[in-house]
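An overview of the molecular structure
The residues making up each chain are set out below.
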Amino acid sequence: MLVQAHGLSKSYPKVFHRSDRLRALLRLLAGRREVDATTVLHDINLEVWRGQSVGLIGENGAGKSTLLKLISGVLTPSGGNVKVHGRIGALLELGAGFHPEYSGRENIAMSAALYGLSSDEIRQRLPEIIEFADIGHYIDEPVKHYSSGMVVRLGFAVVAATRPDLLITDEVLAVGDESFQKKCVRWIEEYLETGGTLLLVSHSMYHIQKLCKHAIWLKGGVISAQGDVFDVTQAYLSYHERKNTTQAPQRAVVEAQGMEFHLLDVWLNDESHEMPLLLEHGEELRVRATVHSRDGRVPVVMLGIARADSTPVYGVSTEMDGAEVTLQSPGIYMAEVRLPALCLLPGGYTVRMHALDTEGVRMFDTIERGLTIRGNARELGLVRLPHVWITPDILPSLSGGKVDTTS
Ligand SMILES: Nc1ncnc2c1ncn2[C@@H]1O[C@H](COP(=O)(O)OP(=O)(O)OP(=O)(O)O)[C@@H](O)[C@H]1O
């Protein structure tokens, strides 16, 4: 086991207002040491095994960064304890660990030394780290002149070169540009394939699902759910869906218009209204979406089907199938996918179309439509799978060759 946390908690003193500070000072002067505190993490029990990839999700202020800082030793717990049996590579706050006055090159040397690389190793790996960071002549400029993206590039390049036992990253993928994100995702995938362990904080469920097999949902400083990444992210997303239905709907529309890839509309069998589409079991489903691309780049479009209780059924994208989207007018693309003889069992489903960037890495927009499959079926589950019962009457024909399956 790589990480073991027992009853971990963290409190911060309550000193948000001037009056809080004054009260704290008066207490100290009166010889009382205890101060009012807010507990932001309560009784966290956690185990991470070697080779696991764990996503940490939750709303703003849920305590994700605090938990990562406790695990990486940047903060000390107020209660409980955490043990890490291995070398940690942590990408936490932007630029933490870099000296602003020194150049990128000098900072690489200092950070790599802190990670335990010898001066020979640093000299050997420097070109590879500089190549990974790929920030051109800025490598010899002081870090204080860097953009946030450049700082992340430098940080990731150093951590990648040191290949830690446990990689801890906090929203790193959200800062870099698309090509760097892609490079980081590829590096993390390779790192995991070769036995690495990952603890990743991200607000992007796409990245969490792509890189992690397990997930932990932190809510108000306690673990609300943990387990299989799809179960936990689905539970988290449906919690948000329920929450958002009680909020003003205009917000989503306004936000969507500022997006790089914005879904204009989604049609199920040529219908685009809010009412669920009614379909007989075994009929064809056609799903069409139009996407506005702010700078004209070609989007990746993804289709997802889930049962009404959020159980995922199927997901596929134009990128996975190597399918092209159609340019309709400047900046407007259309994607259509047809599912002949849809084998979903009768019930309520949600069809989702997602707009992603050209690389299929970042998800920008989602539109959902309801789908009701009608029909009489006593079978259980989500889909009707082709199958055959081996009955006495067809048994003799088995020796002759293949058996036809019913569908
Ligand atoms: N140094 C600090 N002093 C006081 N309170 C703090 C401090 N750092 C964090 N907090 C509080 O602790 C809570 C958890 O913060 P944390 O940064 O861990 O959340 P998070 O889940 O990472 O949020 P986000 O998604 O916004 O990054 C928040 O309410 C925050 O205001």
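Because the structure is a prediction, the values reported are computed rather than measured. (Residues numbered from 1 in each chain as written. Predicted model: local features only at pLDDT ≥ 70, side-chain atom pairs only at ≥ 80, totals over all residues. Heavy atoms only, no water.)

Right, let's talk about the overall build of the chain for a bit. Of regular secondary structure, the chain possesses 11 helices and 18 strands. Put simply, the chain has 407 residues, and 42% of those count as buried. Put simply, of all contacts in the chain between residues at least 6 apart along the chain, 71% involve residues at least 24 apart. Summed over all atoms, the accessible surface of the chain reaches about 21,800 Å², with 53% contributed by carbon and sulfur. (Helix = DSSP H or I, 4+ residues; strand = E, 2+ residues; numbered from the N terminus. Buried < 20%, exposed > 50% of the residue type's maximum accessible area, 1.4 Å probe, protein only. Contact = heavy atoms within 4.5 Å. Areas by Shrake-Rupley, 256 points an atom, 1.4 Å probe, with all protein chains shown as cover.)

Turning our attention to the environment of Ala225. Mapping Ala225 onto the fold places it in strand E9 (residues 222-228). Classification of Ala225 as partly exposed rests on a relative accessible area of 23%. A sequence separation of 10 residues divides Ala225 from Ala215, and the C-alpha atoms of the two residues are 8.1 Å apart. Other than its neighbours up to four places away in sequence, Ala225 contacts Ala215, Ile216, Trp217 and Val232.

This part takes up the pairing of strand E10 (residues 261-268). In terms of burial, E10 is largely enclosed, as seven of its eight residues are buried. Examined bridge by bridge, E10 and strand E12 (residues 285-293) share seven bridges and lie antiparallel to one another. The partner of Phe261 across the bridge, within E12, is Ser293. (Pairing = 2+ DSSP bridges.)

Around the ligand sit Tyr12, Val40, Glu59, Asn60, Gly61, Ala62, Gly63, Lys64, Ser65, Thr66 and His203, and those are all the residues in its vicinity. The separation between an oxygen atom of the ligand and a polar side-chain atom of Ser65 is 2.6 Å. Contact distances for the ligand include 2.5 Å between an oxygen atom and a side-chain N or O atom of Thr66. Computed on the free molecule, the ligand has an accessible area of 640 Å², of which 61% lies beneath the protein chains in the complex. No other element matches helix H2 (residues 64-72), which puts three residues into the shell around the ligand. (Near = heavy atom within 4 Å. Polar contact = N/O pair within 3.5 Å; in protein donor to acceptor, adjacent residues only side chain to side chain.)

This part is about the packing of helix H4 (residues 119-133) against helix H5 (residues 148-162). Orientation of H4 relative to H5, taken along the N-to-C sense of each, is 140°, at an axis distance of 8 Å. Judged by the inter-axis angle, H4 sits oblique to H5. When you trace H4 past H5, the crossing you get is right-handed. Contacts from Arg125, Glu128, Ile129, Phe132 and Ala133 of H4 reach H5 at Arg153, Leu154, Phe156, Ala157, Val158, Ala160, Ala161 and Thr162. Per-class residue counts for the contact of H4 with H5 are nine nonpolar, one polar and three charged. (Axes fitted to C-alpha atoms, helices over the stretch in contact; angles between N-to-C directions. Parallel < 35°, antiparallel > 145°, perpendicular 65-115°, else oblique. Left-handed = near helix turned anticlockwise from the far one by under 90°. Nonpolar A, V, L, I, M, F, W, Y, C, P; charged D, E, K, R; others polar.)

Leu154, Phe156, Trp187, Ile188, Leu198 and Leu211 are the most contacted members of the largest nonpolar core, which totals 45 residues. For this core, the secondary-structure elements that each account for two or more residues are H4, H5, helix H6 (178-193), strand E7 (197-201), helix H7 (205-211), strand E8 (214-219) and helix H8 (229-245). Take this core: its biggest share by element is 10 residues, from H5. Discounting residues that sit within four places of it in the chain, Phe156 has contacts with Leu91, Phe132, Val172, Phe180, Cys184, Trp187 and Ile188. Counting 30 residues, the second largest nonpolar core, distinct from the first, contains Leu285, Val325, Leu345 and Leu371. (Core = buried A, V, L, I, M, F, W, Y, C linked by side-chain atoms within 4.5 Å.)

The six strands lie next to each other as E5-E6-E7-E3-E8-E9, forming an open sheet whose pairing is mixed. Both outer strands of the open sheet, strand E5 (88-91) and E9, are each paired with one neighbouring strand and no more. Pairs of neighbouring strands in the sheet enclose a mean axial angle of 15°, with direction left out of account. Both strand E3 (residues 53-57) and E8 contribute to a ladder of four bridges, which runs parallel. Counterpart to Leu56 in the pairing with E8 is Ile216. Contacting E3, E5, strand E6 (166-170), E7 and E8, H2 crosses the sheet at an angle of about 150° to E6.

Geometrically, a packed helix pair is captured by the angle between its two axes and the distance between the axes. The contact between H5 and H6 brings their axes to 12 Å, and the two run at 15°. Taken together, the axes of H5 and H6 lie roughly parallel to each other. Considering the relative orientation of H5 and H6, their crossing is left-handed. Within the contact between the two elements, H5 uses Val152, Arg153, Phe156 and Ala160 and H6 uses Ser179, Phe180, Cys184, Trp187 and Ile188. Its residues assigned to classes, the contact of H5 with H6 comprises seven nonpolar, one polar and one charged.

Side chains carrying opposite charge are able to pair once their charged atoms draw close together. Applying the stated criterion across every chain yields a total of 15 salt bridges. The salt bridge involving Lys210 is made with Glu189; its shortest N-O contact spans 3.6 Å. Taken together, the positions of Lys210 in helix H7 and Glu189 in helix H6 put the pair 21 residues apart, joining distant regions of the chain. The class of Lys210 is partly exposed, set by a relative accessible area of 37%. For Glu189, a relative accessible area of 27% translates into the label partly exposed. Residue Arg297 pairs with Glu260 through a salt bridge whose shortest N-O separation is 3.3 Å. (Salt bridge = Lys/Arg side-chain N within 4 Å of Asp/Glu carboxyl O.)

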